[in-house]
Amino acid sequence: MAQHDRLFIDIHALQSVPPSNMNRDDTGSPKTARFGGATRARVSSQAWKHAMREEFADLLPEDEVGCRTQRAVDLVADAVAALAPDIPAEDAMKGAVAALSATGIKVAKTGETGYLLFISPRQVKALAELAVAAIEGDGSVDKAEAKRVLNPKESPNLTSVDIALFGRMVADGPDLNVDAAASVAHALGVGRADTEFDYFVGMDELRPEERSGAAMIGTVEYLSSLLYRYATVDVAHLYENLGSEEVARQAVEAFLKAFVTSMPRGKQATFANRTLPAAVVVELRRTQPVSLVAAFEQPVVPLSSKGEREVACERLVEYEEAVDSAFGEAPLATYVVLGAPGTEALKGLPGAEAVTLDGMLEAVGSKVEAFVSGLEGRD
């Protein structure tokens, strides 16, 4: 693929998170990772992608947000009932099983698939239409038509934005897989992480006075950190997955806004740790995506005259300049959203334009629209 047929959107964020445990491991401890010889705070990409998908509900039309479930049969059966209310519930369920099975996906006797299936509302409706036709006909579902519904290359118009961005794997039918157009890195602390313990007690408010003392004693682990977050979107691949210039722009804008405003909800009630990024950098590139995480291989240490955030911003600028100089990877455009003091150094990024969040979304959306329009012209 020629460079003029490529456009990658890199989004970087620095986000301060106070004491929290929003993404924990199997022992209940906050997730961490070793990087540059030091232990860092970590939030898994899966946790943040889930939070982003929850934000999509407010950012996208209902039919552009899919569902990941083992109960896809129930979704199709409900859609059958909506399309043809006169069909008995038992027949609607049988039709739904037949339609889903015709795609090659195995359905157990319980009516569940053997794994989580990522399916869009339009795909559910299309399968329901096939089920209704089968119920009202000879009871059989055309397998080629059923497969076409879930095949991303044959029916990109039925693929929802979140499936196009995050991908789908179907063990029973590799031709139904969707290669993700977006990649999300694990959020990583820029400095060393020290896990701490909060000792707490619970009091029984009805306990008699002669039985004083705590009714419950426990601890919960937490840490705080300045996180470096990174994600990238392959716009050409996103357009291929969706088949629509308008929806591709809509998808990019929703992805960028959800990346900035979302946060995993683990122990939110305990720590009230929801924050927004101190700074966001969005870069458009032609050659390949470039994470700037190596700027923090040496853990950031606050100085007497500069806080951790200010040092981290200076590190990003220094590393970007080194990458540009050594590899010729200068971005086509760079937008910086500064949401906190101590981030002004990011204005020094080559070609950086300081904008608001809405301004960044509009600027990037316009460039995506122009790029995709060019792709359509070459089809």
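Worth saying up front: this structure is predicted, and the values here are computed from it rather than measured.

So, how was this worked out
- Residues numbered from 1 in each chain as written.
- Predicted model: local features only at pLDDT ≥ 70, side-chain atom pairs only at ≥ 80, totals over all residues.
- Heavy atoms only, no water.
- 1 Å grid on protein atoms, 1.4 Å probe; cavity = no way out; pocket = protein on both sides within 12 Å on 5 of 7 lines; lining within 4 Å.
- Points joined across faces, edges and corners; volume = space filled by probe spheres on them.
- Helix = DSSP H or I, 4+ residues; strand = E, 2+ residues; numbered from the N terminus.
- Nonpolar A, V, L, I, M, F, W, Y, C, P; charged D, E, K, R; others polar.
- Phe/Tyr/Trp six-rings, centres within 6.5 Å; stacked < 30°, edge-to-face > 60°.
- Buried < 20%, exposed > 50% of the residue type's maximum accessible area, 1.4 Å probe, protein only.
- Lys NZ or Arg CZ within 6 Å of the ring centre and 35° of its normal.
- Core = buried A, V, L, I, M, F, W, Y, C linked by side-chain atoms within 4.5 Å.
- Contact = heavy atoms within 4.5 Å.
- Axes fitted to C-alpha atoms, helices over the stretch in contact; angles between N-to-C directions.
- Parallel < 35°, antiparallel > 145°, perpendicular 65-115°, else oblique.
- Left-handed = near helix turned anticlockwise from the far one by under 90°.

K.L.:
Is there a simple way to think about empty space enclosed by the protein in this case?
P.N.:
It is a probe the size of a water molecule, rolled over the atoms, that shows where empty space is left. Using the criterion set out here, one finds 2 cavities of 30 Å³ or more in the structure. Volume-wise, the largest cavity comes out at about 90 Å³. Lining the largest cavity are 14 residues, and of these S20, M22, R42, V43 and L223 lie nearest its centre. Elements represented by at least two residues in the lining of the largest cavity include exactly β1 (8–20), β3 (38–43) and β9 (216–234). Grouping the constituent residues of the lining of the largest cavity by class yields 7 nonpolar, 5 polar and 2 charged. The volume enclosed by the second largest cavity comes to roughly 30 Å³.

K.L.:
What am I meant to see in the packing of aromatic side chains here?
P.N.:
Applying the stated criterion to the full structure yields 4 aromatic pairs. Residues F56 and F166 carry aromatic rings whose centres are separated by 6.1 Å and whose planes lie at 15 degrees to one another, so their mutual orientation is stacked. Of this pair, F56 sits in helix α1 (residues 45–59) while F166 is found in helix α6 (residues 161–166), placing the two residues 110 residues apart along the sequence. For F56, a relative accessible area of 0% corresponds to the buried category. Each ring, one from Y228 and one from F296, has its centre 5.5 Å from the other, and the planes form 50 degrees; the classification is tilted. One end of the pair, Y228, is in strand β9; the other, F296, is in the loop between β10 (279–285) and α10 (308–327), and 68 residues separate them in sequence. Classification of Y228 by relative accessible area gives buried; the value is 2%. Sitting over the ring of F118, R68 keeps its end group 4.2 Å from the ring centre. Directly above the aromatic system of W48 lies the positively charged group of R229, at a separation of 3.8 Å from the ring centroid.

K.L.:
Could you clarify how one ought to interpret unusual backbone geometry in this entry?
P.N.:
Even without a glycine there, the phi angle at K267 is positive, about 50 degrees. Take K267: it is sitting in the loop between α8 (245–261) and α9 (268–271). The partly exposed category is assigned to K267, whose relative accessible area is 29%. Unlike most non-glycine residues, A272 shows phi in positive territory, near 45 degrees. You can see A272 is positioned in the loop between α9 and β10.

K.L.:
Can you walk me through the nonpolar core in this structure?
P.N.:
Nonpolar side chains in soluble globular proteins generally cluster together in the buried interior. Membership of the largest hydrophobic core comes to 58 residues, with the highest contact counts inside it found for I9, F255 and V364. When residues in this core are grouped by element, the largest group, 10 residues, is from α8. With residues near it in sequence (within four places) discarded, F255 still touches I11, M52, F56, L165, F166, A182, V184, A231 and V233. Residues V73, L130, A134 and L176 belong to the second largest nonpolar core, which totals 32 residues.

K.L.:
Sorry if this is basic, but what is going on with the packing of helix α2 (residues 72–83) against helix α3 (residues 89–102) here?
P.N.:
Helix-helix packing: each pair is described by the crossing angle between the helix axes and the interaxial distance. At a minimum axis distance of 8 Å, the contact between α2 and α3 shows a crossing angle of 125 degrees. In terms of their interaxial angle, α2 and α3 are classed as oblique. As α2 packs across α3, the resulting crossing turns out to be right-handed. Every residue of α3 that contacts α2 at A72, V73, D74, V76, A77 and V80 is listed here: A92, M93, A96, V97 and L100. The residue inventory of the contact of α2 with α3, partitioned by class, reads 10 nonpolar, no polar and 1 charged.

Purely geometric stuff here, so don't read any function into it on its own.
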